[in-house]
Amino acid sequence: MKRIAALVLLMALSFAASTPAHAQRISPKENARQSRKAAQKQQKFLKKASKKQAKAAKKYEKQQRKATRKANKQLAARRRK
């Protein structure tokens, strides 16, 4: 049992040691690139959300105009009677 535990521990340690150390550090150049990429992604998301919001506002305004016209027609019909 102790041998199996020791073997598993040894395998885990050898796997951890085999990962390259430079993969854990990011150069300033790479950091700047990732930063720009994240900023672009955020801008794209904001632009998409803005378009969606504008579309919803336009749809709401159209519904309001339609409801107002309908109410005005009903008022006019009542006055005629």
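Before going into details, it helps to say that this report is about the structure given with it. (Residues numbered from 1 in each chain as written. Predicted model: local features only at pLDDT ≥ 70, side-chain atom pairs only at ≥ 80, totals over all residues. Heavy atoms only, no water.)

## Considerations on the overall build of the protein
How we decide: What counts as a helix is a DSSP run of H or I of at least four residues, what counts as a strand is a run of E of at least two, and both are numbered from the N terminus. Summary of the burial criterion: residues with accessible area below 20% of their type's maximum are buried, those above 50% are exposed, and those between are partly exposed, where the area comes from a 1.4 Å probe applied to protein chains only. The Shrake-Rupley method, run with a 1.4 Å probe sphere, supplies the accessible areas, and residue values consider only the shown protein chains as cover.
Counting secondary structure elements, the protein contains 2 helices and 0 strands. Residues classed as buried in the protein amount to 0% of the 81 residues present. Counting every atom, the protein has about 8,800 Å² of accessible surface; 60% of that belongs to carbon and sulfur.

## A few points about a positive patch on the surface
Selection criterion: Patches draw on residues past 30% relative accessible area with no salt bridge. Two like charges within 9 Å are joined, as are two nonpolar side chains (Val, Leu, Ile, Met, Phe, Trp, Tyr) within 5 Å. Criterion for a salt bridge: a side-chain nitrogen of Lys or Arg within 4 Å of a carboxyl oxygen of Asp or Glu. Positive charges come from Lys and Arg alone, negative charges from Asp and Glu alone, with His and the N- and C-terminal ends not counted. By convention, the charge on Lys lies at NZ, on Arg at CZ, on Asp at CG and on Glu at CD.
Where like charges cluster on the molecular surface, the positive patch consists of K62, R65, K66, R69, K70 and K73. By the secondary structure assignment, R69 is in helix 2 (residues 28–80).

## Here we look at a nonpolar patch on the surface
Among the surface-exposed residues, L7, L10 and M11 lie close enough to one another that they form a single nonpolar patch of about 330 Å² accessible area. Its location among the elements puts L7 in helix 1 (residues 2–18).

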